[in-house]
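Residue strings, one per chain:
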Amino acid sequence: MVNVFAAAAQCAGVVRVLLPETIIGDSLTLHSTQTHMQQRFGGESSFTFYAICPGESVIALWHGGAIVSRQNIAIHANDTITVALPLPNYTLQPIDIRTGLPILKRNAVYVRENIALLAQPLAIQLERLPGMSSLQTGSRIAKPAYFGFSGQRLILFKNNLRLEGQQWGMDHGPEINPLYASRMELVHGADAIALAGDGVGGVIRLLPPDAIDSLIWAIHVRQSYRTNGHQFLNAIDIQHQPQRIKGLALRLSGSDSRAGNLGTPTGLLANTAFTEFAWDGGMRFERGRWMLHLEHGIYGTTIGIFTGSHSGNLTDLQNRIHNNVLPLTSFTRRIGRPNQTIYHEASQVNATYRVSPRSFIQWIAGRQYDERKEYDAHIPLNDSLAALNKPALHLHLTDYQGQLSWNTQWTDVLKTVLSIGVHHQINTFNGRFYVPNYTRHYRHGAWQMHWRKNKHAIALCTRIDHLNQVVYRNANGSVVQLQKQYLQPSIGLSWTHDPTKNQRIQLHLTSSNRPPTINEMYSNGLHHGLAVYELGNENLQQEFAHRLLSEYQITHGSLRFSATGMLQYIQGYIYSAPQNTPILTIRGAFPVTKVNQSNARLAGLHTQLDYLLRNSASISVSHQSVRTVLTDDGSTPAFTPSDQYRMIIRYPIFTTSSIHVFMEWNTLYTTKQWRVSQATDILPPPQAALVHGVRIHGERRHRQSTIEFGCGAENLFNTSYRLYTDRMRYYHDALSRNIQFYLHIPLNFYKK
Amino acid sequence: MLISTLALAIFLTACKKDENEVATPAIEQNEEELITSLEVHLYRLDGTGDTAVFAFRDIDGPGGADPQPIDTIHLANETGYGCFLKLWNESVNPAEDKTIEILNESDEHLFCFSPNSADLSIVRTDSDGIFEIGLQSAWTTGAASQGELAIVLKHQPGIKNGSCDPGETDIEVSFPVHIE
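Keep in mind that what you see is a predicted model, and the values were worked out from it rather than measured. (Residues numbered from 1 in each chain as written. Chains lettered and ligands numbered in written order. Predicted model: local features only at pLDDT ≥ 70, side-chain atom pairs only at ≥ 80, totals over all residues. Heavy atoms only, no water.)

Asker: Which residues make up the overall build of chain A, and what values do they have?
Answerer: A tally of regular secondary structure across chain A gives five helices and 41 strands. In chain A, of all internal contacts separated by at least 6 residues, the share reaching a separation of at least 24 is 67%. Surface exposure of chain A reaches about 29400 Å², of which carbon and sulfur atoms provide 57%. (Helix = DSSP H or I, 4+ residues; strand = E, 2+ residues; numbered from the N terminus. Contact = heavy atoms within 4.5 Å. Areas by Shrake-Rupley, 256 points an atom, 1.4 Å probe, with all protein chains shown as cover.)

Asker: Report on the overall build of chain B, specifying residues and quantitative values.
Answerer: A count of helical and extended segments in chain B gives two helices and 10 strands. Ordering the α and β elements of chain B from the N terminus gives α-β-β-β-β-β-α-β-β-β-β-β. The buried share among the 180 residues of chain B stands at 43%. Within chain B, contacts between residues at least 6 apart in sequence are counted, and of these 63% link residues at least 24 apart. Carbon and sulfur atoms provide 53% of the accessible area of chain B, an area that totals close to 8800 Å². (Buried < 20%, exposed > 50% of the residue type's maximum accessible area, 1.4 Å probe, protein only.)

Asker: Kindly report on the state of the cysteines, identifying the contributing residues and their values.
Answerer: Residues and elements named next belong to chain B. Evaluation of the coordinates by the stated rule reveals one disulfide over all chains. Left without a disulfide partner, C83 is nearest to the cysteine sulfur of C112, which lies 14 Å away. On the accessibility criterion, C83 (2% relative accessible area) is buried. (Disulfide = S-S within 2.5 Å.)

Asker: How would you explain the interface of chain A and chain B if you had to name every residue and give the values?
Answerer: Every contact between the two is made by 59 residues of chain A and, on the other side, 48 residues of chain B. Applying the counting criterion to the chain A and chain B interface returns one salt bridge. With its nearest N and O atoms 2.9 Å apart, the salt bridge here joins E371 of chain A to K16 of chain B. Inspection of the region where chain A meets chain B yields nine residue pairs in polar contact (both at pLDDT 80 or more). Tallied by class, the residues present in the side of chain A that touches chain B amount to 25 nonpolar, 23 polar and 11 charged. (Salt bridge = Lys/Arg side-chain N within 4 Å of Asp/Glu carboxyl O. Polar contact = N/O pair within 3.5 Å; in protein donor to acceptor, adjacent residues only side chain to side chain. Nonpolar A, V, L, I, M, F, W, Y, C, P; charged D, E, K, R; others polar.)

Asker: Can you explain the packing of aromatic side chains? Please cite residues and give values.
Answerer: Residues and elements named next belong to chain A. Under the criterion given, the structure shown has 11 aromatic pairs over all chains. Judged by centre distance (6.5 Å) and plane angle (55°), the ring pair of Y343 and Y369 falls under tilted. Of this pair, Y343 sits in strand β21 (residues 339-356) while Y369 is found in strand β22 (residues 359-375), placing the two residues 26 residues apart along the sequence. With respect to burial, Y343 and Y369 carry one shared label: buried. Ring centres of Y645 and Y669 lie 6.4 Å apart, and the angle between their planes is 40°; this geometry places the pair in the tilted category. (Phe/Tyr/Trp six-rings, centres within 6.5 Å; stacked < 30°, edge-to-face > 60°.)

Asker: Give me the pairing of strand β8 (residues 136-141) of chain B: which residues, what numbers.
Answerer: Residues in a regular strand point their side chains to alternate faces of the sheet. All names here are of chain B. Every second residue of β8 is oriented toward a common face, the buried set being S137, W139 and T141 and the non-buried set Q136, A138 and T140. In this sheet, β8 lies alongside strand β4 (residues 80-89) in antiparallel orientation, the contact comprising five bridges. Bridged to Y81 within β8 is W139. (Pairing = 2+ DSSP bridges.)

Asker: Tell me about the confidence of the model for chain B, and name the residues and values.
Answerer: Any region with low pLDDT has predicted coordinates that should not be read closely. Summary statistics for chain B give a mean pLDDT of 86 and a share of 88% for residues scoring 70 or more. Here the predicted complex carries an ipTM of 0.80, next to a pTM of 0.85. (pLDDT = per-residue confidence, 0-100.)

Asker: Give me the sheet that holds strand β13 (residues 202-207) of chain A: which residues, what numbers.
Answerer: All names here are of chain A. Pairing in this open sheet of five strands is mixed, and the strands run β7-β12-β13-β10-β11 from one edge to the other. Taken across any chain shown, the strands that pair with only one partner, and hence form the sheet edges, are β7 (108-110) and β11 (161-162). Summarising the sheet, β7 and strand β12 (residues 183-187) pair through three bridges and their orientation is antiparallel. Residue pairing for β12: A108 is matched across the bridge by E185.

Asker: Now, about the environment of A278 of chain A: what can you tell me, with residues and values included?
Answerer: All names here are of chain A. Locating A278 in the fold gives a position in strand β19 (residues 274-287). Given the relative accessible area of 1%, A278 is considered buried. In this structure the C-alpha to C-alpha distance between A278 and T301, which are 23 residues apart in sequence, comes to 8.7 Å. Excluding residues that lie within four positions of it along the chain, A278 makes contacts with N177, S253, G254, S255, I298 and Y299.

Asker: So what about helix α3 (residues 314-323) of chain A? Which residues, and what values?
Answerer: Listed in full, the buried residues belonging to α3 of chain A are D316, L317 and I321 of chain A. In a view along the axis of α3 of chain A, the buried residues occupy a sector of 130°, so they form one face of it. Every exposed residue of α3 of chain A that faces more than 90 degrees away from the buried side is listed here: H322 and N323 of chain A. Buried residues along α3 of chain A sit against β9 (145-155) and β10 (168-179) of chain B. (Arc of directions from axis to C-beta.)

Asker: Which residues make up the sheet that holds β9 of chain B, and what values go with them?
Answerer: Residue and element names in this part refer to chain B. The sheet built from four strands is open, its strands ordered β3-β10-β9-β6 with mixed pairing. In this open sheet, the two strands that pair with only one neighbour each are β3 (73-75) and β6 (109-116). Ignoring strand direction, the axes of neighbouring strands in this sheet form an average angle of 25°. Sheet analysis places β6 next to β9, joined by eight bridges and oriented antiparallel. Directly across from H109, in β9, lies its bridge partner H155. (Axes fitted to C-alpha atoms, helices over the stretch in contact; angles between N-to-C directions.)

Asker: An account of the pairing of β9 of chain B is needed here, citing residue identities and associated values.
Answerer: Residue and element names in this part refer to chain B. When you tally the buried positions in β9, you get nine out of 11 residues, the bulk of the element. Sheet topology note: the β9/β10 ladder contains 11 bridges and is antiparallel. By the bridge assignment for β10, H155 is matched with E168.

Asker: An account of the pattern of salt bridges is needed here, citing residue identities and associated values.
Answerer: Residue and element names in this part refer to chain A. Summed over the entire model, instances satisfying the criterion amount to 29 salt bridges over all chains. The shortest N-O distance in the salt bridge between D198 and R162 comes to 2.8 Å. Of this pair, D198 sits in the loop between α2 (189-195) and β13 while R162 sits in strand β11, and the two are 36 residues apart along the sequence. By relative accessible area, D198 is classed as buried at 6%.

Asker: Account for a nonpolar patch on the surface, naming residues and giving values.
Answerer: Residues and elements named next belong to chain A. On the surface, V355, I361, W363, L404, W406, W410, L418, I420 and W447 cluster together into a nonpolar patch covering about 870 Å² of accessible area. Mapped by element, the contributors of at least two residues to the nonpolar patch are β22, β23 (393-409) and β24 (414-431). Within the secondary structure, W410 is located in the loop between β23 and β24. The class of W410 is partly exposed, set by a relative accessible area of 47%. (Patch = residues over 30% accessible without salt bridge, like charges linked within 9 Å, V, L, I, M, F, W, Y side chains within 5 Å.)

Asker: Provide a residue-level description of the confidence of the model for chain A, including the pertinent values.
Answerer: Residues and elements named next belong to chain A. Across chain A, the average pLDDT comes to 84, with 85% of residues at or above 70. Taken element by element, the predicted model of chain A shows its lowest mean pLDDT in strand β1 (residues 2-4) (42) and its highest in α2 (96). When the criterion is pLDDT under 50, residues 89-99 qualifies, and its contacts beyond four places in sequence or with other chains add up to 24 contacts.

Asker: Requested: an account of the environment of D633 of chain A, with residues and values cited.
Answerer: Residues and elements named next belong to chain A. With respect to the helices and strands, the residue D633 is situated in the loop between β36 (618-630) and β37 (644-655). Sequence separation of D633 and N599 is 34 residues, and the distance between their C-alpha atoms is 9.4 Å. Looking at D633, its side chain comes within polar contact range of the side chain of S635, at 2.7 Å.

This is the structure:
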C-alpha cells in the first residue's frame, strides 16, 4: 500500500513512484485531501498518481501490515516528479517470517539481482524466468526461448523499439547489449498483443533505468572476470540530472567484454574467442505538459566460430561427430576464420504531450540498422579475391518505425490506449545468397483497455496489422519482384485476480497471426555448420495461434508456490523437416531440410516452491517441461527443450545492519530429450545432465548506496555434458568449470 | 543545454547506412567462389588412342537444376593410364579454369582417390615440393570389373601431412567405373 498525504490547491501535479523491485502484492491506495484512491494490480514496477496537490507529502510502501519503505517529497503546482522508494530493509536483514513471503513479480529480470550473470548473453540471463530457456549455436550465440518459442515468435523490444535482426534465422543471438536494461520483462496477453501482433510466443521488453529526481549523479561501475576464456567485462552507467535545468535527465552507459578461446572439460575450443562492445546514450526532458525522451545505442561483436564445426560436407561432419576429436589449440585471444561480425545501431524518440491530467498523446519513432558479416573458414582460391578479405555473407537490415497513441484514464478504474503505427524494413545482401533483398511495410492499428477494480483487473487489446512484402531476386539477368500481402487480426485478453492477499491468478488468452519470415520462405543453400542443405518454402501461409497462459501464486507463511501453464494450438506451425532424398553436389551428397507447415499443439508447465527458513535461509525447487506435437503426423519438432529441474539453496553467512553475505548453491538437472522423431536430427539427443554451481554474494550498504561483490563457479565439478538445445553438441561438450569474480560499485550524489 | 544539444547532434548524425539499393539485388551465388565441374582426362601411357574426358557437371552449382548425369569411366583391363584433373566454374561465360588456383595453393590441397570394387590402383605423380597433390596421377587397371571411384579434394591449410584425414572436403564425386 502506498500513501501520499498532500494538501493545498492547484492539484495538477504528477508523481511517478518507482517501486522496490520484485515486490508486488497489496493493492496501492492514494490518499489525498480529495480522498482520491487508486489501486494497483499486475505487478507493475512503477505507478503514477495524477492530479496531486502541491505541498509536502510522504510516500510509503506497506507490506505485511507495516511500512517497509518511505520517501518524503515536495511537489509544486504542475510538477511532474519521479521518486524511487528505497529497497525494503529486509533485503539486508532477515525477513520477519510473521509477515510471510510476498507475492512475487515473476515475469521480470532485474539487473540488480542479475549481477552474477552480467557477463552472460541476454538469453542466459533470461533463463531464470519461468518458461524461459535458450537455443544455443555456440558458446556466445544464444537465442531466448519461451516454452520452446524463439526467433520471430518471441519478439524483443528495446524500450519502445522493436528489434528485427531475428529475420536472419537461427544461427545468431539478439543484437543487443543486456547491460542497457535495468529490467527485462516478459510480456503476455493483451499487453503483448498491443506491442506486437505477431509475437505468438510472447514479447520480451528491455527497459532502461528510470531517472530519479532526487539524484544529481548516479554512477554504476560493474566489473567481472571469468576464468574460462579469461573473460573480462567492464561496464559503466552514468545518469545525471543537472540541477540548473529542471526536468532534464541524461544517461550514458557503455560496456566492453572480451575473451579468448573457451574450454571444455576435455580441452580448449579452437577459435572461440570474442569481443563485444556497446554504448547507449539517452536524454529525457520534461517541461510542463511535454516530455521528450531520446535514445541512441550501438552494439558490436566479433565472435569466433569453433573451427571444428565448419565442415565441407556430410562425410566431414560424420567424421567430426564420430571421431570426437577437438582441433588442438592453445589459449589465444586471436579471432580467426570462421567468424561473424555484427553491428547494431538503434535510435528512438518518445515524445509525450499531456492533454489533461488524465490524458496524453504519445509519439514514438525509431530507426534500427543491423549489419552482419560472416567469414568462412576458406579464403578464396583466387589471390586477388582473397586479398579483398570480403565476407562470404554480408547482410544489411534497416528499419524505420513510428507510432502515435492516445492514452486516456477515463475513470479511476478505466484506461484506454488507441494507437496507429507504421514500420518499414529494408534488407539487402552481398556475397553468398542466404536471404534475398526485400522490403516489408507494416501498418497497424490497436485499441487497448485496462480496467481494474477491487480484486480484479482486466486488459483487452484488439489489433490489426497489414504487411506488404516485396522480394527482389535476380532471374536470368533481370530483377523479379515477388509481392505478398498479409492481414493479421489479433486479440488478447488478460485477467488478474487476487482472491486473497496471499493469492494471485492470472489468465492470458490470445489469438494472433504470424506471417512466415523471409528466411523461412526463401533460404536456399548449404549450411556449413551442419552440413545440411536448407530449402525454404515460398508457399508458406501465416501461422494462426491460439494461446491460453495461466499463472497462479499462493503464499502461506514461509511457503510460496507458483505455477505457470501454457496451452497453445497453432494452425500452420512452421518448422524445418528433413527430406528423404539427399541433394547431390560437386562437394558430395548433403541431407536436405525443407521448411514445412503442420498444425501443432504445444504445452508448457513451470512450477516452483519456495521455502523460507527461520534463519533467513531459503530453498527453492522448480520444474519446467514443454511438450509439442505436430498433429498432422504425430511427430515432435526438433529443438523442443528437455525437462529441467532446478534447486537453489541460499544461506546467509554474515549479516549486520550494513553488510549481508550469503552463499547460494544451484543444481540443475536436465533430462534426456526422449521425444525426438526419427530422422529429424543428425545425432541422437545427449544423455541427461546434472550440473552444480555455487556463489558467494555480498552487499555492503554505504549511506544510500549498496556495493555488491562476489565470486562463484559454474559447472563446479567440471562435468562433461551436452544439451539438446545447443547445436554445438554435435562437436563438443558444454563449457568446463568457470569461476567468476564480480563487483558493482554505485556512486550516488543526491540533491541537497 | 550544451549537453543536450550535443546529445541531440550525436543522435542525429551517428547513424550508419546501408549503401546498397534494395531493388538491384546482388547476383545470387551459392558459394563465393564456385566450382561447378570436375573433368577426368585419361590417356594411355603406351601412347595409343586419344585422351578421353569423363566429367561431373552441375552448371548452376548446388541446388537449382540437378547435375548432369555423371559419366561412367570406361577403362581397358591390365592397362596403364595417365590422368590429369581439370576444375571449372561453368556458371559464368566464359567458363573459368579453377585448376590453376588449386595448383597455386597446392600446399593446402590434396586429391584423394578411393576405388571401390573396381580392380584399379592409383598413384599421385605430382608434388607441392613436400607432399603429393593429385592433379596428375598414374592409373593401373587389373582384371575386368565394375565399381566406383571416389575423387575427393581435401582442403588442408596449414595441416597438410600427405594423408587424406585432415581438412575439409572441397569436392567429392563418385564416378562409376567399368574395366572391360
